[in-house]
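# Coordinates in review
Here's the letter readout for the chains.
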Amino acid sequence: MAEAAVLEKRPARADEQGLLFNYTIRLLLLAGFLELVLFRLASRLGMHLSKVAEEHEWVRVAFTALSQTGFLLLNVVSLLLFLGLFLFLFHKMRSRGSWRGDALLVPSASLLMLLTVAYLLYPPAMLGAIVYNVIFFVVLGSLVLEYLSTHQTWGQRSMILCYSLGVTGWLYYQTVSTGFAMFGWGAAPPLVHEANRLGEAMMVLASVLVFWAYGGVLWTKNRRQRRRVLQFGFVSGVVFVTLLFLDYFAALYDEALAADIRQASQGIGWIFQMGMGYTFYLPFACYVLGLLCWAYTVLKLITVGRMAGFGLGLMFFAGYALQLSHLSLMVVLGLILLNLDKRRAATTVVGEEAERYLSRPAAPVLTEQTS
């Protein structure tokens, strides 16, 4: 019997993974955004405005309150991350290996969580930090391989490869530098600064490719979506070109104005370097373009309840420099949500014999007997 498969593709939604997991990732995305703004960015801004805080008491009190609130949110984010990862690993163990790479992913992710708890109680030395980075790299590689095996479009594959190369550049820089310091080698590690810069460039490129992978395309049949994509592309292009040549035109107009703009950009770069690890060695317009593409795509996906929206939000909330353990777990859970968003197929089998049977005229219920 010949079989014909009819595939009904649709992305997985957040509310299909269970009520507890659904509310966990929603609260985690909100808490992660507030922790980024109030703790990693606002506290660094308070350090940058220390002279202003000395002159105005209310400024010091405001930034102190923001920093304390952000530190509380850091603990909330950590607890939600552990809850989300526990629910995922529990489901994986019950499903008995829905993907062949689960034999490596489940134990390595579990070990990463146990090491995180152990290092909170007993701060690690240099060797412990290297072991943690190696295990995190194993988990990262497993999740990326699963993503590549379930997502076939070039946009999605290019985005995840650029993102994984970015995180790998940071891991190489951090691990090799720590290893040289542990053994007391005074020589500079090979290619660490080049890897760090390449990783940052890959992260910025990945934030732009997010729009290609998930933000919509021009050849869609939905006229409203096509119009929104065109409008966003026009606005982003104008902002990118304006920021790219802003310093040049400002210098032509007034050198003092150009100097003030450069100083302001250096202050913004310092805050984001301390909070997220970006050194801003690329043109400032590239970072703004990546932010616009990422924000548009994440807001669009979250509006329709896509798991990919929550995953992309967590991955880029973590930033580039994963200096804290909860940032590494945020990347892991973000990649997990991207994999859960893979398109599912429902197969309907139709045979030729059944088609012929259905096409035949029905036999009469009452038959006439003739002699």
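You'll find the structure just up there.
Residues numbered from 1 in each chain as written. Predicted model: local features only at pLDDT ≥ 70, side-chain atom pairs only at ≥ 80, totals over all residues. Heavy atoms only, no water.

## Regarding the nonpolar core
- If you look at the biggest cluster of nonpolar residues, it comprises 75 residues, and the most contacted ones within it are Met 159, Tyr 214, Leu 312 and Leu 338.
- When residues in this core are grouped by element, the largest group, 11 residues, is from helix α13 (residues 325-340). (Core = buried A, V, L, I, M, F, W, Y, C linked by side-chain atoms within 4.5 Å. Buried < 20%, exposed > 50% of the residue type's maximum accessible area, 1.4 Å probe, protein only. Helix = DSSP H or I, 4+ residues; strand = E, 2+ residues; numbered from the N terminus.)

## Structural notes on the environment of Leu 80
- Its location among the elements puts Leu 80 in helix α3 (residues 57-95).
- For the pair Leu 80 and Ile 25, spaced 55 residues apart in sequence, the C-alpha to C-alpha distance is 7.7 Å.
- Each residue touching Leu 80, except ones within four places of it in the same chain, is listed here: Thr 24, Leu 27, Leu 28 and Ala 31. (Contact = heavy atoms within 4.5 Å.)

## Things to note about the environment of Met 182
- Looking at the secondary structure, you find Met 182 in helix α6 (residues 154-183).
- Along the primary structure Met 182 and Met 126 are separated by 56 residues, whereas in three dimensions their C-alpha atoms are 6.2 Å apart.
- Sequence-distant contacts of Met 182, defined by excluding residues within four places in its chain, comprise Met 126, Leu 127 and Ile 130.

## Examining helix α12 (residues 307-317)
- Burial runs high along α12: 11 of the 11 residues are buried.
- All of the buried residues in α12 are Met 307, Ala 308, Gly 309, Phe 310, Gly 311, Leu 312, Gly 313, Leu 314, Met 315, Phe 316 and Phe 317.
- Looking one or two residues beyond α12, the residue adopting positive phi is Gly 319, at roughly 80 degrees.

## A look at unusual backbone geometry
- Phi at Leu 191 is positive, roughly 60 degrees, even though this residue is not glycine.
- Along the chain, Leu 191 falls in the loop between α6 and α7 (192-214).
- With a relative accessible area of 56%, Leu 191 lands in the exposed category.

## Some remarks on the pattern of salt bridges
- Counted according to the given criterion, the structure contains three salt bridges.
- Between Arg 40 and Glu 35 there is a salt bridge whose closest N-O contact spans 3.2 Å. For the pair Arg 40 and Glu 35, a shared accessibility class is recorded, and that class is buried.
- The partner of Arg 306 in a salt bridge is Asp 341, with the nearest N and O atoms 2.8 Å apart. Placement of the pair is Arg 306 in the loop between α11 (284-303) and α12 and Asp 341 in the loop between α13 and β2 (349-351), with a sequence separation of 35 residues. Across the pair, Asp 341 and Arg 306 agree in class, each one buried. (Salt bridge = Lys/Arg side-chain N within 4 Å of Asp/Glu carboxyl O.)

## A word on α7
- Its 23 residues place the ends of α7 32 Å apart at the C-alpha level, agreeing with the 33 Å of an ideal helix rising 1.5 Å per residue.
- Helix geometry: α7 is bent most strongly at Val 208, by close to 30 degrees. (Expected span 1.5 Å × (residues − 1). Bend = angle between axes of the 7 residues up to and from the residue.)

## Points about a nonpolar patch on the surface
- Taken together, the side chains of Met 126, Leu 127, Val 131, Met 182, Phe 183 and Trp 185 make up a nonpolar region of the molecular surface, amounting to roughly 590 Å² of accessible area.
- The leading source of residues in the nonpolar patch is helix α5 (residues 126-150), at three residues.
- Topologically, Trp 185 is positioned in the loop between α6 and α7. (Patch = residues over 30% accessible without salt bridge, like charges linked within 9 Å, V, L, I, M, F, W, Y side chains within 5 Å. Areas by Shrake-Rupley, 256 points an atom, 1.4 Å probe, with all protein chains shown as cover.)

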